[in-house]
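For reference, the chains in residue letters:
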Amino acid sequence: MRTTRSTEHTTTFGSVLAPSIRSLRAALRAYALGWRTAAALSGLFLGSFRLGRLTRHRRRIASRQALPPALDHGALQRLARELHDSEAARRFATSYARMLPARVERIVRALDRGDRHQAMDAVLSLKISSAMVGALRMEQHCARLEDALDRTDHAGAAAAGEEVRRHLAELVNALGSTAD
């Protein structure tokens with residue numbers, strides 16, 4: 001007996017996953033906001049949350065013009081400790097650096113086409129992996145782009161996408177200097 005695949009339903013993995021990611025992101029934001037409020041009220045700080053590093057950096061710098069460093073060199077050490085394997089952390093950083101131009105290009109193409117869902121999928125992936133590798137400035141640019149996409153702010157998304165694209169060369173250089 002021969003089975004055939006139906007091509008009637010040609011949905012991409014991203015289009016199926018996007019609603020789940022958006023609802024999970026909303027739940028995580030609500031959870032994080034609850035913790036931020038509790039932390040502010042009790043005088044506690046946001047400890048080990050990866051998002052907390054970027055938030056703390058934003059609070060320290062009052063000006064929106066000042067940006068976090070391109071690369072937090074301690075992030076890979078923390079990742080290696082969490083994984084209990086420094087070689088795995090190094091491979092992750094190498095893979096991140098190798099895939100970075102294609103990921104940025106995917107975001108730029110999606111923005112050029114006006115495909116908000118593809119842009120959101122691509123920016124979330126880049127934001128999360130940037131946080132893991134310690135690319136704080138790329139993470140911040142991605143967060144701005146994510147916010148603009150959430151608000152359906154086309155001009156803001158285009159500007160944030162341009163910041164992501166412009167930062168690519170600097171980040172590649174910073175990542176290359178850590179490999180030496």
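Higher on the page you've got the structure.
Only a predicted model underlies this, so the values are computations on that prediction, with no experimental measurement involved. (Residues numbered from 1 in each chain as written. Predicted model: local features only at pLDDT ≥ 70, side-chain atom pairs only at ≥ 80, totals over all residues. Heavy atoms only, no water.)

1. Points about the overall build of the protein
- Across its full length, the protein holds 7 helices and 0 strands.
- Secondary structure elements of the protein, listed N to C terminal, follow the sequence α-α-α-α-α-α-α.
- Burial statistics for the protein: of 180 residues in total, 36% are counted as buried.
- Expressed as a percentage of contacts within the protein between residues at least 6 apart in sequence, the contacts between residues at least 24 apart total 64%.
- Taken as a whole, the protein presents about 11,300 Å² of accessible surface, with 58% of it coming from carbon and sulfur. (Helix = DSSP H or I, 4+ residues; strand = E, 2+ residues; numbered from the N terminus. Buried < 20%, exposed > 50% of the residue type's maximum accessible area, 1.4 Å probe, protein only. Contact = heavy atoms within 4.5 Å. Areas by Shrake-Rupley, 256 points an atom, 1.4 Å probe, with all protein chains shown as cover.)

2. Topic: the packing of helix H3 (residues 75-83) against helix H4 (residues 86-113)
- Where H3 meets H4, the closest approach of the two axes is 7 Å, and the angle between their N-to-C directions is 130°. With respect to each other, H3 and H4 are oriented oblique. Relative to H4, H3 is oriented so that their crossing is right-handed. For the pair H3 and H4, the contacting residues are Leu76, Leu79, Ala80 and Leu83 in the first and Ser86, Ala88, Ala89, Phe92 and Ala93 in the second.
- By residue class, the composition of the contact of H3 with H4 is 8 nonpolar, 1 polar and no charged. (Axes fitted to C-alpha atoms, helices over the stretch in contact; angles between N-to-C directions. Parallel < 35°, antiparallel > 145°, perpendicular 65-115°, else oblique. Left-handed = near helix turned anticlockwise from the far one by under 90°. Nonpolar A, V, L, I, M, F, W, Y, C, P; charged D, E, K, R; others polar.)

3. Some points on unusual backbone geometry
- The backbone phi angle of His84 is positive, close to 60°, even though this residue is not glycine.
- In this fold, His84 is placed in the loop between H3 and H4.
- Assessed through its relative accessible area of 76%, His84 is described here as exposed.
- In the Ramachandran plot, Thr152 falls in the positive-phi region, its phi being about 55° despite a non-glycine side chain.
- Structurally, Thr152 is set in the loop between helix H6 (136-150) and helix H7 (154-179).

4. What about helix H5 (residues 116-133)?
- With 18 residues, H5 should reach 26 Å at 1.5 Å per residue; the first-to-last C-alpha distance of 26 Å fits that figure.
- Most of H5 is tucked away: 13 of the 18 residues are buried.
- Looking one or two places after H5, you find Gly134, whose phi comes out positive at around 95°. (Expected span 1.5 Å × (residues − 1).)

5. What about the pattern of salt bridges?
- This model, assessed by the stated rule, comprises 9 salt bridges.
- With its nearest N and O atoms 3.0 Å apart, the salt bridge here joins Arg151 to Asp147.
- Residue classification places Arg151 among the partly exposed positions, given a relative accessible area of 49%.
- Residue classification places Asp147 among the partly exposed positions, given a relative accessible area of 36%.
- As a salt-bridge pair, Glu163 and Arg166 come within 2.3 Å of each other at their nearest N and O atoms. Of this pair, Glu163 and Arg166 both sit in helix H7, 3 residues apart, which is roughly one turn of that helix.
- For Glu163, a relative accessible area of 28% gives the class partly exposed.
- Here the salt bridges share partners, and the residues they tie into one network are Asp147, Arg151 and Asp153. (Salt bridge = Lys/Arg side-chain N within 4 Å of Asp/Glu carboxyl O.)

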